[in-house]
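Okay, here's what each chain looks like letter by letter:
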Amino acid sequence: IGPSIVEITLKAGREAALRVDAVKGHPRNPMSFDECAEQFWSCASFAARSLDRAKLEQAVEMVRDLEKVGDVSALVALLA
């Protein structure tokens, strides 16, 4: 993915632009675990009625320590 450029014109007529060569989440600009978890929660809120919050919290914590998870089917079960 190439650079992203956003250009805006303010009501007063002034223009501003910003170029980002590596968007957040790109390997050259990685997200922290907390940023990923925050994004997960913002998406999970759309399915909040059908998903158990306690199970989602367990899933987030399981992903935090994914290297220690012996069987990822437990993670899948929490998200199903």
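A brief look at the structure comes next. (Residues numbered from 1 in each chain as written. Predicted model: local features only at pLDDT ≥ 70, side-chain atom pairs only at ≥ 80, totals over all residues. Heavy atoms only, no water.)

As a further point, take the overall build of the protein. When its secondary structure is counted, the protein shows three helices and two strands. Reading the protein from its N end, one meets helices and strands in the order β-β-α-α-α. Its C-alpha atoms give the protein a radius of gyration of 19 Å, clearly above 12 Å, the size a compact globule of 80 residues would have. Here the C-alpha coordinates of the protein stretch approximately 55 × 30 × 20 Å along the principal axes. Per-residue burial for the protein yields a buried fraction of 11% across its 80 residues. Considering only residue pairs separated by 6 or more positions, the protein has 11% of its internal contacts joining residues 24 or more positions apart. Only carbon and sulfur atoms are counted for the fraction: they give 57% of the accessible area of the protein, which is about 6,600 Å². (Helix = DSSP H or I, 4+ residues; strand = E, 2+ residues; numbered from the N terminus. Rg over C-alpha atoms; globule rule 2.2 N^0.38 Å. Buried < 20%, exposed > 50% of the residue type's maximum accessible area, 1.4 Å probe, protein only. Contact = heavy atoms within 4.5 Å. Areas by Shrake-Rupley, 256 points an atom, 1.4 Å probe, with all protein chains shown as cover.)

We now examine the environment of L79. Considering the arrangement of structural elements, one finds L79 in helix α3 (residues 73–79). Classification of L79 by relative accessible area gives partly exposed; the value is 39%. For L79 and L51, which are 28 residues apart along the polypeptide, the C-alpha to C-alpha distance reads 7.7 Å. Setting aside anything within four residues of it in sequence, one finds L79 in contact with F40, L51, L56 and A59.

With that settled, the discussion passes to the pattern of salt bridges. Following the criterion strictly, the structure yields five salt bridges and no others. One salt bridge in this structure joins K24 and E35, with 3.5 Å as the shortest N-O distance. Placement of the pair is K24 in the loop between β2 (15–20) and α1 (33–44) and E35 in helix α1, with a sequence separation of 11 residues. On the basis of relative accessible area, E35 is assigned to the partly exposed category, the value being 32%. A salt bridge links E61 to R64; the shortest N-O distance between them is 3.2 Å. Note that E61 and R64 are positioned in helix α2 (residues 53–64) at a spacing of three residues, about one turn of the helix. One salt-bridge network, held together by shared partners, links D34, E61 and R64. (Salt bridge = Lys/Arg side-chain N within 4 Å of Asp/Glu carboxyl O.)

Across the six residues that make up strand β1 (residues 4–9), only a small minority, zero, are buried. The pairing of β1 with β2 spans six bridges and is classified as antiparallel. Counterpart to T9 in the pairing with β2 is E15. Connecting β1 to the antiparallel partner β2 that follows it, the hairpin turn spans five residues, and G13 within it adopts a positive phi of roughly 100 degrees. (Pairing = 2+ DSSP bridges.)

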